[in-house]
Amino acid sequence: TQLLEQSPQFLSIQEGENLTVYCNSSSVFSSLQWYRQEPGEGPVLLVTVVTGGEVKKLKRLTFQFGDARKDSSLHITAAQPGDTGLYLCAGAKTGGFKTIFGAGTRLFVKA
Amino acid sequence: NAGVTQTPKFQVLKTGQSMTLQCAQDMNHEYMSWYRQDPGMGLRLIHYSVGAGITDQGEVPNGYNVSRSTTEDFPLRLLSAAPSQTSVYFCASSYSSGVNNYGYTFGSGTRLTVV
């Protein structure tokens, strides 16, 4: 069974701080996605990375796919209260037929 | 711009009852999947489909059936509801090149309680 482990599980920080969330696995993925979910809603796709070593930036969010395509990180610069939510990573093997999710990192940014 | 539509949003069932959760997408996506989300466990894959007429089991398929007669619709059937099936259910669809899944669009979820 392939597993995606996210850390930390919970993070509470002050507005303006930086943070990094990690997503690790022993499996190799052809693509990895990051989502953000707010209470009562479905997850919303933030980014998909497909190439080992790839780095993508989305405003204050930086996503990196590990060289071996087994892990990924999400770095947020100068966090804002609007960044509060559940961050989920998801990995798909070649063909994308089965996409599995990590348990998530719950982020709370205090004003 | 409907995206992925799930109905109903809320449902209470008695143990042993059956029901169908509806899911429809209007983006012509090949992939559709059903996930359940339980506290502290992330999303777990129940069943998925790579196209009309093709379905397969995910991580937790027991107690659920699916069919995919059209590209747009992917209903999830609970055969005989059990309290362990109390959860939030999400339907998702995605485009794929055949090699990579480029990311899901999720519905807003169905919150199911089995008493």
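Please read these numbers as outputs of a predicted model, since none were measured by experiment.

## A short note on the interface of chain A and chain B
By a widespread convention, an interface's size corresponds to the accessible area lost as its parts come together.
Alright, step 1. On the side of chain B, 24 residues touch chain A, which itself brings 26 residues to the contact.
Alright, step 2. The contact between chain A and chain B buries some 1,800 Å² in all, and 54% of this surface belongs to carbon and sulfur atoms.
Alright, step 3. Looking at the side of chain A facing chain B, the largest losses of area belong to Phe97(A), Lys98(A) and Phe101(A), adding up to 27% of the total buried there.
Alright, step 4. Along the contact surface separating chain A from chain B lie zero salt bridges.
Alright, step 5. Counting across the interface, chain A meets chain B through three residue pairs in polar contact (both at pLDDT 80 or more).
Alright, step 6. The set of elements that each furnish at least two residues to the side of chain A that touches chain B consists of strand 4 (31-37), strand 5 (44-49), strand 9 (85-92) and strand 10 (99-101) of chain A.

## Regarding the sheet that holds strand 7 (residues 64-66) of chain B
Residues and elements named next belong to chain B.
Alright, step 1. In spatial order, the strands read 1-3-8-7; together these four strands make up an open sheet with antiparallel pairing. Of all strands in the sheet, those with a lone pairing partner are strand 1 (4-7) and strand 7, marking the two edges. Adjacent strand axes in the sheet meet at a mean angle of 20°, parallel and antiparallel pairs treated alike.
Alright, step 2. The pairing of strand 1 with strand 3 (residues 19-25) spans four bridges and is classified as antiparallel. Along strand 3, the bridge assignment pairs threonine 7 with glutamine 22.

## Some points on the packing of aromatic side chains
Alright, step 1. Counted according to the given criterion, the structure contains nine aromatic pairs over all chains.
Alright, step 2. A centroid spacing of 6.0 Å and a plane angle of 75° characterise the contact between Tyr35(B) and Tyr104(B), whose relative ring orientation is edge-to-face. Of the two residues, Tyr35(B) is situated in strand 4 (residues 31-37) and Tyr104(B) in strand 10 (residues 101-106); the sequence distance between them amounts to 69 residues. The residues Tyr35(B) and Tyr104(B) share a single accessibility class, namely buried.
Alright, step 3. Ring pairs connect the aromatic residues Tyr35(A), Phe101(A), Tyr35(B), Phe90(B), Tyr104(B) and Phe106(B), which therefore count as one cluster.
Alright, step 4. Of note, Arg68(B) hangs over the ring of Phe74(B), and the distance from its end group to the ring centre comes to 6.0 Å.

Calculation notes
Residues numbered from 1 in each chain as written. Chains lettered and ligands numbered in written order. Predicted model: local features only at pLDDT ≥ 70, side-chain atom pairs only at ≥ 80, totals over all residues. Heavy atoms only, no water. Contact = heavy atoms within 4.5 Å. Buried area = accessible area lost by both parts, 1.4 Å probe. Salt bridge = Lys/Arg side-chain N within 4 Å of Asp/Glu carboxyl O. Polar contact = N/O pair within 3.5 Å; in protein donor to acceptor, adjacent residues only side chain to side chain. Helix = DSSP H or I, 4+ residues; strand = E, 2+ residues; numbered from the N terminus. Pairing = 2+ DSSP bridges. Axes fitted to C-alpha atoms, helices over the stretch in contact; angles between N-to-C directions. Phe/Tyr/Trp six-rings, centres within 6.5 Å; stacked < 30°, edge-to-face > 60°. Buried < 20%, exposed > 50% of the residue type's maximum accessible area, 1.4 Å probe, protein only. Lys NZ or Arg CZ within 6 Å of the ring centre and 35° of its normal.

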